[in-house]
Amino acid sequence: MRVITTAPTLVDFNRGDATAAELMAMVEPEFLSVLGWSPQIRLLFLPYDHPLLGMPLCPVSGCSMPSVAKGLCSGCYQWGKQRGEPPMDSFTAEGRIQRRQIGVQDCSVARCERPVFSSRTPLYGAHRNQLHRQEVSLAQFLALDDVVPLPGFGLCAVAACHRKRPGADP
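This write-up is about the structure you can find in this document. (Residues numbered from 1 in each chain as written. Predicted model: local features only at pLDDT ≥ 70, side-chain atom pairs only at ≥ 80, totals over all residues. Heavy atoms only, no water.)

### Quick look at the overall build of the protein chain
Summing up its helical and strand segments, the protein chain has 6 helices and 3 strands in all. The secondary structure elements of the protein chain, listed N-terminal to C-terminal, are β-α-α-β-β-α-α-α-α. Taking all 170 residues of the protein chain together, 29% fall into the buried category. The contacts in the protein chain between residues at least 6 apart in sequence include a share of 38% that link residues at least 24 apart. (Helix = DSSP H or I, 4+ residues; strand = E, 2+ residues; numbered from the N terminus. Buried < 20%, exposed > 50% of the residue type's maximum accessible area, 1.4 Å probe, protein only. Contact = heavy atoms within 4.5 Å.)

### Considering the pairing of strand β3 (residues 43-47)
With 5 of its 5 residues buried, β3 lies for the most part within the structure. The alternating pattern of β3 places L43, F45 and P47 on one face and L44 and L46 on the opposite face, and all of these are buried. Where strand β2 (residues 37-38) lies against β3, 2 bridges are found, and the strand directions are antiparallel. In the strand pairing of β3, S38 is matched with L43. (Pairing = 2+ DSSP bridges.)

### Section: the nonpolar core
With 10 residues, the main nonpolar core is built from C58, V60, C63, A69, L72, C73, C76, Y77, W79 and F91. Among the elements that make up this core, the one with the highest residue count is helix α3 (residues 74-82) (3 residues). Residues C107, V109, C112 and L131 belong to the second largest nonpolar core, which totals 8 residues. (Core = buried A, V, L, I, M, F, W, Y, C linked by side-chain atoms within 4.5 Å.)

### Some points on α3
Within the sequence span of α3, burial applies to C76, Y77, W79 and G80. For α3, the angular spread of buried residues about the axis comes to 165 degrees, placing them on one side. In this structure, the buried residues of α3 make contact with α4 (88-94). One or two steps after α3, the chain reaches G84, where phi turns positive at roughly 85 degrees. (Arc of directions from axis to C-beta.)

### Observations regarding the environment of V147
Tracing the sequence through the fold places V147 in the segment after α6 (138-143). Residue V147 is classed as buried on the basis of its relative accessible area of 11%. Taking the C-alpha atoms as reference points, V147 and L131, separated by 16 residues in sequence, lie 9.2 Å from one another. Excluding residues that lie within four positions of it along the chain, V147 makes contacts with V109, H127, Q130 and F141.

### Description of the packing of aromatic side chains
With the rule as written, the count across this model stands at 2 aromatic pairs. When the ring of W79 is compared with that of F91, the centres are 5.0 Å apart and the planes differ by 45 degrees; the resulting orientation is tilted. With W79 in helix α3 and F91 in helix α4, this residue pair connects regions lying 12 residues apart in the sequence. Pairing Y124 with F153 gives two aromatic rings, centres 6.5 Å apart and planes at 50 degrees, and the pair type is tilted. You can see Y124 sitting in the loop between α4 and α5 (125-134) and its partner F153 sitting in the segment after α6, a full 29 residues away along the chain. We classify Y124 as buried; its relative accessible area is 14%. (Phe/Tyr/Trp six-rings, centres within 6.5 Å; stacked < 30°, edge-to-face > 60°.)

So, in structure tokens, the structure goes:
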């Protein structure tokens, strides 16, 4: 499911605040369901295809970002400009290869709770460095006995972010 995220920041819904309780009592559960409200992380996951709240997706094959610049997401727009603005049909059909998404996907090491460094190497940074020192393939690396999972750092401290923190800093 492709979603847009946003976070309410004026009311803390998890502290039993009287204002929060009043507001939540006024909102019907079905409406919260349509909005994609997540009480655990206090975010709305608005569906892209919603007729009022949604927004069009970038038409480039393999891209899941909202379109904002000339019908493309900002990344695909810049990528197209760098390539000399090719014809839209062939450009959108070709698709994006990979994009950087820190904190979105878990490390490939079994039970490691840290996010990957990049989609090209699906490992947390420390594991990625260890892989390069070992000079083995990813499959061989994941089978090694001295590769241990690492505990996570929790969620990002930014209220509107639902990603995992990539390090100990907030």
